[in-house]
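Residue strings, one per chain:
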Amino acid sequence: MDNSNQTVVVTGFEPFGEHTINASWVAVQELKKLGLGKDIDLHVYEVPVDYQAVQSLIPSLWKQYHPQLVVHVGVSGMATTVTLEKCGRNHGYKGLDNSRFCPHSQCCIEGGPDCIDSVIDMESVCKRVTASGLGIAVSVSKDAGRYLCDFTYYTSLYLSHGHSAFIHVPPIEKPYSGVDLGRALQAIIQEMLDMLDQTEEKIHCQCVH
């Protein structure tokens, strides 16, 4: 590893449906205020709830920044915890977006695998963050919901060979404030970066020997 700064991109979503204030974008804006440390260049983006916009925006973020990690954050009306998503799925996209559109193929990447796992061990991240005494409940899921969250995640996982993450947050004040959610994102993403660094160091050591 060289001493240059790492680049991380974190996205939230615009309002949609009943979510007139999208907790994901509120949380990401709070994270931006907190930062991820002096060695991390953090870039944040609000993603449209629009399949076609996602198909152009996500590749452009990877191409522009060449980040170590992209973390997508979405809101789940059913969530009461901050939820780490293990994988993205390619098929089953039937819900209409904010433009009243859904893909005719109902899939993200035609010919792509049914499911792509993140290279990040979400169970380990969950355990570490919980043990840190953050005071915010964190859990792990294997189903990101087959809407724009899942669609965005799969697209990013496909482009990055698994070097992406997705975090679902509950709506604001149900039960956490935007500030709380920002703190949770900071702690979780820092753990993810530590884990990626450790993985790269192991690979480097194996190559040297």
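Residues numbered from 1 in each chain as written. Predicted model: local features only at pLDDT ≥ 70, side-chain atom pairs only at ≥ 80, totals over all residues. Heavy atoms only, no water.

1. Structural notes on the overall build of the protein chain
So, step 1. When its secondary structure is counted, the protein chain shows 5 helices and 8 strands.
So, step 2. Starting at the N terminus and ending at the C terminus, the protein chain contains elements arranged as β-α-β-α-β-β-β-β-α-β-α-β-α.
So, step 3. Scaling as 2.2 N^0.38, a compact globule of 209 residues should have a C-alpha radius of gyration of about 17 Å, and the protein chain matches this with 16 Å.
So, step 4. In terms of overall dimensions, the protein chain has C-alpha extents of about 55 × 40 × 25 Å along its principal axes.
So, step 5. Burial statistics for the protein chain: of 209 residues in total, 51% are counted as buried.
So, step 6. Put simply, of all contacts in the protein chain between residues at least 6 apart along the chain, 81% involve residues at least 24 apart.
So, step 7. A gap of 4 Å separates the mean positions of the 15 positive and 24 negative side-chain charges of the protein chain. (Helix = DSSP H or I, 4+ residues; strand = E, 2+ residues; numbered from the N terminus. Rg over C-alpha atoms; globule rule 2.2 N^0.38 Å. Buried < 20%, exposed > 50% of the residue type's maximum accessible area, 1.4 Å probe, protein only. Contact = heavy atoms within 4.5 Å. Lys, Arg positive; Asp, Glu negative; His and termini not counted. Charge placed at Lys NZ, Arg CZ, Asp CG, Glu CD.)

2. Quick look at the pattern of salt bridges
So, step 1. Evaluation of the coordinates by the stated rule reveals 6 salt bridges.
So, step 2. Of the charged contacts, one joins glutamate 123 and lysine 86 as a salt bridge, the two residues approaching to 3.6 Å between their closest N and O atoms. Remark: lysine 86 occurs in the loop between β4 (82-85) and β5 (87-89) and glutamate 123 occurs in helix α3 (residues 122-131); sequence separation between them is 37 residues.
So, step 3. Assessed through its relative accessible area of 37%, glutamate 123 is described here as partly exposed. (Salt bridge = Lys/Arg side-chain N within 4 Å of Asp/Glu carboxyl O.)

3. With respect to helix α4 (residues 148-160)
So, step 1. A rise of 1.5 Å per residue sets the reference length of α4, with its 13 residues, at 18 Å; its end C-alpha atoms lie 18 Å apart and thus fit the reference within 8%.
So, step 2. Burial within α4 is extensive, with 11 of its 13 residues counted as buried.
So, step 3. Along α4, the positions that sit buried rather than exposed are Leu148, Cys149, Asp150, Phe151, Thr152, Tyr153, Tyr154, Thr155, Ser156, Leu157 and Ser160.
So, step 4. Positive phi shows up at histidine 161, right after α4, with a value of about 55 degrees. (Expected span 1.5 Å × (residues − 1).)

4. Some words on empty space enclosed by the protein
So, step 1. Going through the model one piece at a time under the given rule, you end up with 1 cavity of 30 Å³ or more.
So, step 2. The computed volume of the largest cavity comes to approximately 50 Å³.
So, step 3. As for the largest cavity, its lining consists of Phe13, Phe16, Asn22, Val49, Gly74, Val75, Tyr147, Leu148 and Cys149.
So, step 4. Contributions of two or more residues to the lining of the largest cavity are made by β3 (69-75) and α4.
So, step 5. When the residues that make up the lining of the largest cavity are grouped by side-chain class, the tally is 7 nonpolar, 2 polar and no charged. (1 Å grid on protein atoms, 1.4 Å probe; cavity = no way out; pocket = protein on both sides within 12 Å on 5 of 7 lines; lining within 4 Å. Points joined across faces, edges and corners; volume = space filled by probe spheres on them. Nonpolar A, V, L, I, M, F, W, Y, C, P; charged D, E, K, R; others polar.)

5. Topic: the layout of surface pockets
So, step 1. In this structure, the largest pocket encloses a volume near 290 Å³.
So, step 2. Around the largest pocket sit 17 residues that line it, and Ser76, Met78, Ala144, Gly145 and His168 are the ones nearest its centre.
So, step 3. Every element with two or more residues in the lining of the largest pocket is listed here: β4 and α4.
So, step 4. Here the residues of the lining of the largest pocket sort into 7 nonpolar, 7 polar and 3 charged.

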